[in-house]
Each structure stands twice: as C-alpha cells, then as structure tokens.
Amino acid sequence: MNQEKLHKGSCQCGTVEYTLVGEPLTCYSCHCTRCQTLSGSAFTLSMVVSFDALELGSVKPSEVRFLHKDTEVVRHFCEKCATTLWFSSDAIPGFSAIKPGTFNDTTWYKPVAHLWMSSAQPWVKLDDGIKQYDTQPEMRELVELWQEGMD
Ligand SMILES: [Zn+2]
Ligand SMILES: [Zn+2]
C-alpha cells in the first residue's frame, strides 16, 4: 500500500491518533433510533475495517461495553475529550466500525447506503443517489456496494 493511501485520524483533542493502513470493507450511514440516541444526532456514519488495518498511536483509546440491539458492543473513545473513534463487537470478531468523521481528511469516502430510513428524521430529505434501505440489509450487500464503487 502506498503512502497516499494511508488515512490518519484522531479524536477532537488530538490525544488519540490512528492510521488506517488497509482498505475499508464498507461505509454506511444509519438512521435507526438507537444510532440517533448513541450519537445525540440524526444519524451516524460507520466505516467497517479489519482490526489489522488499524494502527494505533502511542495513546490507546479507552473502552466501555454496553448493549446495542441486544448485542454487546465496545465503544473506543478518548479518555480526555470523549470522542468516539470506533466501535467493535464480539458479534463481528476482528472488525471495527470507525466513526469516519474522525479522519483528518474526510473527502476520500462517502457512504454506500442509508440504513433504517423507516426511522429517519422527517426533515432528512436525501437526494444524493445513494442506496436507501428501510431497515437493516445484510452486511454482505454493503460490502458489495463498496466494492462496486471502487471499480
Ligand atoms: Zn481526545
Ligand atoms: Zn443504527
């Protein structure tokens, strides 16, 4: 992988830094009500990456475990500024879901799908040509959509 392909990111205060050294598997936005609560916002962005593709800097993020849709997930966050950097779950071993808004450069990716449009805020009017799902599609579909976008 060449240098330009390396994507660096950090929390808001800059204490926790990371580098994505491999290709993401997919990236999507989720409008489910739990993601709205979790983020305190209208929807979330997630980028699924292999844990091997994530290189950590000298300061590791802190972790907290909780239940999300009946699955135990781990939130990885900066202890100083509480920015969430990624989530992981034993349900999907070996993978992390990065919060891609934490990349220093956010111009190189866009989500391949909007999930859970059935619970999207009514003022969210999307005209971006990105595929929409009323509920939760198979992860395999989201991975295929990302691969199509790379061609
Ligand atoms: Zn921080
Ligand atoms: Zn969600």
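Just above, that's the structure.
This one's a predicted model, so the numbers in the text were calculated from it and none came from an experiment. (Residues numbered from 1 in each chain as written. Chains lettered and ligands numbered in written order. Predicted model: local features only at pLDDT ≥ 70, side-chain atom pairs only at ≥ 80, totals over all residues.)

*Asks:* Account for the overall build of the protein chain, naming residues and giving values.
*Replies:* When its secondary structure is counted, the protein chain shows 2 helices and 11 strands. The secondary structure elements of the protein chain, listed N-terminal to C-terminal, are β-β-β-α-β-β-β-β-β-β-β-β-α. Its C-alpha radius of gyration of 15 Å places the protein chain within 12% of the 15 Å reference for a compact globule of 151 residues. Each of the three principal axes of the protein chain carries a C-alpha extent, and together these read 40 × 35 × 30 Å. Burial analysis of the protein chain (151 residues in total) assigns 29% to the buried set. Put simply, 54% of the contacts in the protein chain that link residues at least 6 apart link residues at least 24 apart. (Helix = DSSP H or I, 4+ residues; strand = E, 2+ residues; numbered from the N terminus. Rg over C-alpha atoms; globule rule 2.2 N^0.38 Å. Buried ≥ 20, exposed ≤ 12 C-beta atoms within 10 Å, placed from the backbone. Contact = placed C-beta atoms within 7 Å.)

*Asks:* Would you mind going over the pairing of strand E6 (residues 62–68) in detail, with residue names and values included?
*Replies:* Counting buried positions along E6 gives 0 out of 7 residues, so the element sits mostly on the surface. Where E6 and strand E7 (residues 71–77) come together, 7 bridges link them in antiparallel fashion. Looking at E7, one finds that Arg65 is bridged to Val74. The turn joining E6 and E7, which pair antiparallel and follow one another in sequence, is formed by 2 residues; a positive phi near 50 degrees is taken by Lys69. (Pairing = 2+ DSSP bridges.)

*Asks:* Help me get a handle on the sheet that holds strand E5 (residues 54–56), residues and values and all.
*Replies:* Strand order in the open sheet formed by 3 strands is E1-E2-E5, and the pairing between neighbours is antiparallel. Lying at the two open borders of the sheet, with one neighbouring strand each, are strand E1 (7–10) and E5. Neighbouring strand axes in the sheet, compared pairwise and without regard to direction, differ in orientation by 25 degrees on average. With 3 bridges connecting them, strand E2 (residues 17–20) and E5 associate as antiparallel partners. Bridge pairing in E5 links Tyr18 to Leu56. (Axes fitted to C-alpha atoms, helices over the stretch in contact; angles between N-to-C directions.)

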